[in-house]
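# A structural walkthrough
The lines below spell out each chain.
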Amino acid sequence: QVHLMESGGGLVQAGGSLRLSCAAGGMLISISATNWFRQAPGLQRELVASISRGGNTYYADSVKGRFTISRDNLDYTVYLHMNSLKPEDTAVYYCNAATPGADYWGQGTQVTVSS
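Residues numbered from 1 in each chain as written. Predicted model: local features only at pLDDT ≥ 70, side-chain atom pairs only at ≥ 80, totals over all residues. Heavy atoms only, no water.

Take the pairing of strand β1 (residues 2-7) next. Taking every second residue as pointing to the same face, the buried face of β1 carries V2, L4 and E6, while none of H3, M5 and S7 on the other face is buried. Two strands pair when backbone bridges link them, and β1 and strand β3 (residues 18-26) are joined in this way by 6 bridges, in the antiparallel orientation. What sits directly across from M5, in β3, is A23. (Buried < 20%, exposed > 50% of the residue type's maximum accessible area, 1.4 Å probe, protein only. Helix = DSSP H or I, 4+ residues; strand = E, 2+ residues; numbered from the N terminus. Pairing = 2+ DSSP bridges.)

In this section: the side chain of T109. Residue position: T109 is located in strand β11 (residues 109-114). A relative accessible area of 11% means that T109 is categorised as buried. Residues within four places of T109 in sequence aside, it is in contact with E6, S7, G8, G9, L20, A91, V92 and Y93. (Contact = heavy atoms within 4.5 Å.)

Further remarks concern the environment of L85. As for its position among the elements, L85 is in the loop between β8 (77-82) and β9 (91-98). Since its relative accessible area comes to 2%, L85 is described here as buried. In the structure, L85 is positioned 72 residues away from Q13 in sequence and 7.7 Å away in space, judged by C-alpha atoms. Ignoring anything within four residues of it in the chain, the contact list for L85 reads V12, A14, G15, G16, S17, L18, R66, F67 and V113.

Position of F37 among the secondary structure elements: in strand β4 (residues 33-39). Each C-alpha atom of the pair F37 and V48 lies 5.2 Å from the other, and the pair is 11 residues apart in sequence. Those residues in contact with F37 that sit more than four places away from it in its chain are R45, E46, L47, V48, V92, Y93, Y94, N96 and W105.

The next point concerns the side chain of T99. With respect to the helices and strands, the residue T99 is situated in the loop between β9 and β10 (103-105). Using a relative accessible area of 13% as the deciding quantity, one classes T99 as buried.

Okay, here's the thing in structure tokens:
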């Protein structure tokens, strides 16, 4: 099993920055990719960014150039650095760990961007 805990959400003005953290525990060796998803009220959960075990990254078009995903390889904490935040970035952000057997989710952290 893999356990995930997000932190770092909050309220920020448009144009500001936040850094989300996803601390992982358990069978870290089984993780093939760690992903950040977000879900705004009334909308489907969407993939924002991903980092593979080998370090390859992926970004949704809506966040390219503004968000950066990174990982501390010592403790496997994954970060989402969010710059130039927009009101449409407001959502609950979830960390997800993909393994061959299952997907694991954190509890989510709220990000609110005021205009």
